[in-house]
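Notes for the structure review
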Amino acid sequence: MQRDLEFDVVVVGAGLAGLALCAALRRTQLSVALVEGRPPEWPVGGWDARVYAVSPSSARFLEQIGAWSHLDSARLQPMARIEVFGDRGTQLDFSAFDVGVGELAWIAESSLIARELWEGVKRQANVTLLCPAKPAALAVEGGRSRLALEDGRTLDAALVVGADGVQSWVRAQAGLEARFTDYEELGVVANFRCERPHLGTAWQWFRPDGVLAYLPLPDGHMSMVWSAPEAVGRELLQYDAATLAAHVAAAGDHMLGRLEVVTPAAGFPLRLMQVPKVVAPGVALIGDAAHAIHPLSGHGVNLGFADARELSALLAGLDRSVLGDLRALRRYERRRAEEVNALQLTTHALHELFRPQWPALSWLRNTGLKLTARIPVVRNALVRYALG
């Protein structure tokens, strides 16, 4: 009869948040298992279509857990300025110089960060990597969590962490409610080579056909994120490379001159997901398993890193016997609730305010942009919040 494998913490899901949590626990005495359904596949050459704006606070966290300094600096682009345009010609600028910092964020490919975290976790003495392995059942009894795998193995742990994405299996097994708001939009992403230099600037346009963003990449490249109504998004995905490049260049007022597609367009549905309770006895959620927001803020990945930072700090200070105690886990839940709720409320409100279907709000939203632009204290406060 196969014996249970015993651990202090079992993390389900090897996305950025799950990997970061494992890496953050490297200096503890805790035994950790990481369960992932399939081995990672990294892009070969070229650029990853999915990029993130990593805040300075997230970069510091990644440095603390041993990842940031090992990333290829040639693939990292500091972002020094953001220019935001309303739908009536209003404009709002955010500058790192205005608040005395070197950069507002770092634009980095998802696979660049994931690969470094994965390789680090593989070498981590206190982590057992179970991949490929899929969970089959979860039960919490007598202060311990038992996670059965499809291959017949059973993991016994004080705490199971769900880092398994928006469709979280762990969240469902723990009976934690998730409330979804479908934006009926697609997030369309693609990378381009640019005729003109971007000078570390990002641009964002609130357009009648959605929110278009240009994010700077190294070596004269740019990543586009277009949050578009489903019909517009599907049309963008059907364009050939030349048509897409010309359309995106025109939509961005030819800010970067002629564009050339280097990574084909890909799309994903956009939804708001709110999880009122992210902990249960023996279970905690992090990353996309705990929250999902509209990408117009570019802040989603930073919420996941902040989850990993807070949960790892809590676990490092707890006795092994209470790692899954609900009273202890609620401290993590309370620490994260304010930032997550505030960002979800803000991005949702902005999305609703700039909905193309609601032209009557045009005066209100553009007046808001004008007032923010004219009050440096408010503008700089927004920048400092984004910096973390």
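Before reading on, note that the structure itself is shown above.
As a starting point, this report considers the structure included with it. All of these numbers come straight from a predicted model, not from anything done at the bench. (Residues numbered from 1 in each chain as written. Predicted model: local features only at pLDDT ≥ 70, side-chain atom pairs only at ≥ 80, totals over all residues. Heavy atoms only, no water.)

**A word on the overall build of the chain**
Along the chain, the regular secondary structure elements total 10 helices and 19 strands. Within the chain, the proportion of its 388 residues that are buried is 51%. Pairs at least 24 residues apart make up 72% of the contacts formed inside the chain by residues separated by at least 6 positions. Carbon and sulfur atoms make up 52% of the accessible area of the chain, which totals about 17600 Å². (Helix = DSSP H or I, 4+ residues; strand = E, 2+ residues; numbered from the N terminus. Buried < 20%, exposed > 50% of the residue type's maximum accessible area, 1.4 Å probe, protein only. Contact = heavy atoms within 4.5 Å. Areas by Shrake-Rupley, 256 points an atom, 1.4 Å probe, with all protein chains shown as cover.)

**Quick notes on the side chain of H291**
Take H291: it is sitting in strand β19 (residues 291–292). A polar contact is formed between the side chain of H291 and the side chain of D307, at a distance of 2.6 Å. (Polar contact = N/O pair within 3.5 Å; in protein donor to acceptor, adjacent residues only side chain to side chain.)

**A look at the sheet that holds strand β7 (residues 105–109)**
Reading across from one edge, β3-β7-β4 is the order of the 3 strands in this open sheet, with antiparallel pairing throughout. The sheet is open, and its two borders are formed by β3 (51–54) and β4 (77–79), each paired with just one other strand. The sheet shows a mean angle of 30° between the axes of neighbouring strands, taken without regard to direction. Note: β3 against β7, 4 bridges, orientation antiparallel. The residue bridging Y52 from the neighbouring strand is A108, located in β7. Sitting on the sheet, helix α3 (residues 110–122) touches β3 and β7, and the angle it makes with β7 is about 80°. (Pairing = 2+ DSSP bridges. Axes fitted to C-alpha atoms, helices over the stretch in contact; angles between N-to-C directions.)

**A look at the environment of L345**
Its location among the elements puts L345 in helix α8 (residues 326–353). Classification of L345 as exposed rests on a relative accessible area of 62%. Through-space distance from the C-alpha of L345 to that of L272 is 9.9 Å; in sequence the pair is 73 residues apart.

**Examining the pattern of salt bridges**
In total, this model carries 15 salt bridges according to the counting rule given. With a closest N to O distance of 3.4 Å, R327 and D325 form a salt bridge. Among the residues examined, D325 registers a relative accessible area of 25% and is labelled partly exposed. Overlapping salt bridges, with partners in common, bring together D307, R336 and E339 in one network. (Salt bridge = Lys/Arg side-chain N within 4 Å of Asp/Glu carboxyl O.)

**Points about the sheet that holds strand β14 (residues 210–217)**
Reading across the sheet, the 8 strands line up as β6-β5-β13-β14-β15-β12-β16-β19 and stay open at both edges, with mixed pairing between neighbours. Bordering the open sheet on either side are β6 (91–95) and β19, each of which pairs with just one other strand. Seen against the sheet, helix α5 (residues 230–238) touches β12 (179–194), β15 (221–229) and β16 (259–274) and runs at an angle of roughly 30° to β12.

**Describing the packing of aromatic side chains**
Enumeration according to the criterion identifies 5 aromatic pairs in this entry. A centroid spacing of 6.5 Å and a plane angle of 80° characterise the contact between W203 and Y214, whose relative ring orientation is edge-to-face. Remark: Y214 occurs in strand β14 and W203 occurs in strand β13 (residues 201–207); sequence separation between them is 11 residues. Neither residue differs from the other here; W203 and Y214 are each classed as buried. A ring pair is formed by W205 and Y214, whose centres lie 4.9 Å apart and whose planes are at 75°; its orientation type is edge-to-face. Residue W205 shares its accessibility class with Y214, and that shared class is buried. Through a chain of ring-to-ring contacts, the aromatic side chains of F85, W203, W205 and Y214 assemble into a single cluster. Between R50 and the ring centre of F268, over which it is positioned, the NZ or CZ distance is 4.4 Å. (Phe/Tyr/Trp six-rings, centres within 6.5 Å; stacked < 30°, edge-to-face > 60°. Lys NZ or Arg CZ within 6 Å of the ring centre and 35° of its normal.)

**Points about the packing of helix α2 (residues 56–64) against helix α7 (residues 300–316)**
Axes are the key here: two packed helices are described by the angle between their axes and the distance separating the axes. The geometry of α2 relative to α7 is characterised by a closest axis approach of 10 Å and an angle of 45° between their N-to-C directions. Classed by the angle they form, the pair α2 and α7 counts as oblique. Both α2 and α7 take part in a crossing whose hand is left-handed. Residue-level inspection shows S57, S58, F61 and L62 of α2 in contact with α7, the latter providing N302, F305, A308 and R309. In the contact of α2 with α7, the residues fall into 4 nonpolar, 3 polar and 1 charged. (Parallel < 35°, antiparallel > 145°, perpendicular 65-115°, else oblique. Left-handed = near helix turned anticlockwise from the far one by under 90°. Nonpolar A, V, L, I, M, F, W, Y, C, P; charged D, E, K, R; others polar.)

**With respect to helix α1 (residues 16–24)**
Of all 9 residues in α1, 8 are buried; the element is thus mostly enclosed. Three or more residues of α1 are buried, namely L16, A17, G18, L19, A20, L21, C22 and A23.

**Considering the nonpolar core**
With 73 residues, the main nonpolar core has V10, V11, V35, I113, L117, L311 and L315 as its most contacted residues. At 7 residues, the largest contribution of residues to this core is made by α1. With near-sequence residues (within four places) excluded, I113 lies in contact with L16, V54, L62, L71, A108 and F305. Formed by 22 residues, the second largest nonpolar core is a distinct cluster that contains L186, L212, W226 and L259. (Core = buried A, V, L, I, M, F, W, Y, C linked by side-chain atoms within 4.5 Å.)

**Side note on the packing of α1 against α7**
α7 packs onto α1 with a crossing angle of 30° between their chain directions and a minimal axis gap of 9 Å. Comparing their axes, α7 and α1 come out roughly parallel. As α1 runs across α7, the sense of the crossing is right-handed. Residues L16, A17, A20, L21 and A24 of α1 form the contact with α7, whose participating residues are V301, G304, F305, A308, L311 and S312.

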